[in-house]
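# Fold and geometry: a report
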Number of protein chains: 2
Amino acid sequence: MITLYDMPLSGNCHKIRLLLSLLALPYQARPVDLLGGEQRSSDYLQINPFGQVPVLDDDGLIIRDSQAILVYLAKRYGGEQWWPDDAYRLAQIAAWLSTAANEIANGPALLRVHHKFGRDIDIARAQQITAKVLDIVDRQLASRDWLVSDSVSLADLAIYPYLALAPEGGIDIGAYANIVAWFQRISALPGYVPMPGLWQA
Amino acid sequence: MITLYDMPLSGNCHKIRLLLSLLALPYQARPVDLLGGEQRSSDYLQINPFGQVPVLDDDGLIIRDSQAILVYLAKRYGGEQWWPDDAYRLAQIAAWLSTAANEIANGPALLRVHHKFGRDIDIARAQQITAKVLDIVDRQLASRDWLVSDSVSLADLAIYPYLALAPEGGIDIGAYANIVAWFQRISALPGYVPMPGLWQA
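The text that follows walks through the structure, step by step, so that each part is easy to find. Please read these numbers as outputs of a predicted model, since none were measured by experiment. Sequence order as written defines the numbering, with residues in each chain counted from 1. Labels follow written order: the first chain is A, the first ligand is 1, and so on. Two thresholds apply to this predicted model, a pLDDT of at least 70 for residue-level local features and 80 or more for giving and counting side-chain atom pairs, whereas whole-chain, interface and lining totals are computed over all residues. Side-chain calculation: all heavy atoms of the structure are included, whereas hydrogens and water are not.

Now for the sheet that holds strand S2 (residues 28–31) of chain B. All names here are of chain B. Each pair of strands is called paired provided DSSP finds at least two bridges between the two strands. Only runs of H or I of at least four residues qualify as helices and only runs of E of at least two qualify as strands under DSSP, and these elements are numbered from the N terminus. The strand order across the open sheet built from four strands is S2-S1-S3-S4, with neighbouring strands paired in mixed fashion. One side of each edge strand has no neighbouring strand; the edge strands of this open sheet are S2 and strand S4 (61–64). Across the sheet, the mean angle from the axis of one strand to that of its neighbour is 20°, orientation sign disregarded. With four bridges joining them, strand S1 (residues 2–6) and S2 adopt parallel strand pairing. Paired with aspartate 6 across the two strands is proline 31, which belongs to S2. In the packing of helix H1 (residues 11–22) onto the sheet, contacts are made with S1 and strand S3 (55–58), and the angle to S1 comes to roughly 155°. Here, axes are lines fitted to C-alpha atoms. For helices the fit covers the stretch in contact, and angles between N-to-C directions go from 0 to 180 degrees. Here a residue-residue contact requires only that any non-hydrogen atoms of the pair lie within 4.5 Å.

The next subject is the packing of helix H6 (residues 123–140) of chain B against helix H8 (residues 177–187) of chain B. Residues and elements named next belong to chain B. It is at 7 Å that the axes of H6 and H8 come closest, and there the two elements cross at 70°. Viewed along their axes, H6 and H8 adopt a mutual orientation that is roughly perpendicular. Handedness of the crossing formed by H6 with H8: left-handed. Each of Leu134, Val137 and Asp138 in H6 lies in contact with H8, whose residues at this interface are Ala177, Asn178 and Ile179. The scheme is simple: roughly parallel for angles under 35 degrees, roughly antiparallel for over 145, roughly perpendicular for 65 to 115, oblique for anything else. Rotating anticlockwise by less than a right angle from the far helix to the near helix defines a left-handed crossing, while the corresponding clockwise rotation defines a right-handed one.

Think of an α-helix as turning once every 3.6 residues; residues three or four places apart then point the same way. All names here are of chain B. Along its 12 residues, H1 runs 16 Å from first to last C-alpha, staying within 8% of the 16 Å computed at 1.5 Å per residue. Throughout, exposure labels follow a simple rule: accessible area from a 1.4 Å probe, protein chains only, divided by the maximum for the residue type, with under 20% read as buried, over 50% as exposed, and the rest as partly exposed. With respect to burial, H1 is a largely interior element, 10 of its 12 residues being buried. Residues of H1 that are buried: Gly11, Cys13, His14, Lys15, Ile16, Arg17, Leu18, Leu19, Leu20 and Leu22. For H1, the secondary structure elements touched by its buried residues are S1, S3, helix H3 (66–82), helix H4 (87–106), helix H5 (108–117) and helix H7 (154–164). Residues adjacent in sequence count toward polar contacts only when both atoms are side-chain atoms; beyond that, a polar contact is any pair of N or O atoms within 3.5 Å, and within protein one must be able to donate a hydrogen and the other to accept it. Backbone nitrogen of asparagine 12 and a side-chain oxygen of the N-cap are separated by 3.2 Å at the start of H1; the cap is serine 10. Positive phi appears at alanine 24, one or two residues downstream of H1, with a value of about 55°. The length a helix should cover is 1.5 Å for every residue beyond the first.

Turning next to the nonpolar core. Looking at soluble globular proteins, one finds that nonpolar side chains tend to be buried together. For our purposes a nonpolar core is just a set of buried Ala, Val, Leu, Ile, Met, Phe, Trp, Tyr and Cys residues, chained together by side-chain atoms within 4.5 Å. Judged by nonpolar contacts, the single largest core of 132 residues is most densely connected at A:Leu73, A:Leu154, A:Trp182, B:Leu73, B:Leu154 and B:Trp182. Excluding anything up to four places from it in sequence, B:Leu154 contacts B:Leu19, B:Leu70, B:Val71, B:Ala74, B:Trp82, B:Trp83, B:Ile93 and B:Leu97.

Right, let's get into unusual backbone geometry. Residues and elements named next belong to chain A. In this structure, the amide linkage connecting valine 53 to the following residue, proline 54, adopts the cis form with an omega of 0°. For proline 54, the location among the structural elements is in the loop between helix H2 (42–47) and strand S3 (55–58). Notably, alanine 24 is not glycine yet its phi reads approximately 55°, a positive angle. Considering the arrangement of structural elements, one finds alanine 24 in the loop between helix H1 (11–22) and strand S2 (28–31). Classification of alanine 24 as exposed rests on a relative accessible area of 65%. For aspartate 59, which is not glycine, the phi torsion reads 50° and is therefore positive. When you line up the elements, aspartate 59 lands in the loop between S3 and strand S4 (61–64).

Below, the discussion takes up the side chain of B:Ser10. Residues and elements named next belong to chain B. Tracing the sequence through the fold places serine 10 in the loop between S1 and H1. From its side chain, serine 10 meets the backbone nitrogen of asparagine 12 in a polar contact 3.2 Å long. In this structure the side chain of serine 10 is engaged in a polar contact, spanning 2.9 Å, whose partner is the backbone nitrogen of cysteine 13.

This paragraph deals with the environment of B:Pro26. By secondary structure assignment, the location of B:Pro26 is in the loop between H1 and S2. Distance in space between the C-alpha atoms of B:Pro26 and B:Ile171 is 34 Å, their sequence separation being 145 residues.

These figures come from the coordinates and say nothing about function on their own.
Take a look at the structure:
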């Protein structure tokens, strides 16, 4: 049985919910009370010393970090479409997983935490990172439908939620036409699931 | 032929130099003049729109991002030791690659950029991230020699350079005994190469 330590408003959790649904994998959600501080409890820190969601428990195998959970599900359950055997293709996916872990987390995701939950952040730095990464992604998508392959890959899923949630961080994502068209391709995927706050046309 | 777009003082470049050497792969280094701003030139942005080093060119296949280059080299040249087939093992490695891309980059690596190169940063945030990740890594290494496997893995290489360079960011890394013992295991690996500024006993 797959259990997802989950928080409904987390974009990092949403990328996992999305892949689980695209792969038609049944799972149970185990909500973590982030606002109540459960992620700092000693029980939770045993599961994930970083005190973050999501965490995946697959029959006792515990995996922290949203990018790592994508890798696990793709490799174990996704087949060649989701976990290609080619080293260059894998590396291109890995590069976007790094972008998700760094620029997306420290740009649009951080601006959303500030605007939506009131966390004190360095707004100028987060805006600078956001402008840079949105420009790069938009140009990347000018000549192709998906970030890496001819079809959706982990790269797309890893950076999708916090770009589609960017309006909650005060970002005018509608100004990026190629990103908006890519949102529409993602939301048309069979098995797509939404979450509150995602950009809609 | 493998070409590494390189900067001698970059810890992200060093993790690639280290894996290339551990794998005994010949390569040529192509220095990038970061202090002179070459990474912002239009020629360089064609190679890596993020304007960062390292970049790997393997007979025309261009890979950006230090974690992605580790993945590429491990998958293409490293065999099962460096690129395990097991999904859970891969996911554990991927989790540390995310930590390298996020907490290590925004903690110890950023403090070093501030102290060594004078960049203006949010010092308190970088110190907070650093203290948290050093504590987690030190406890992880209390009961094991390597972060993920029974032998060195990409997880170790991905986070090693900026921890061993932490003294250049004003961090007393010597206070973390398990991390220091792990430094010594890494520097004893056949093919290990040093770089200026790395922690030494």
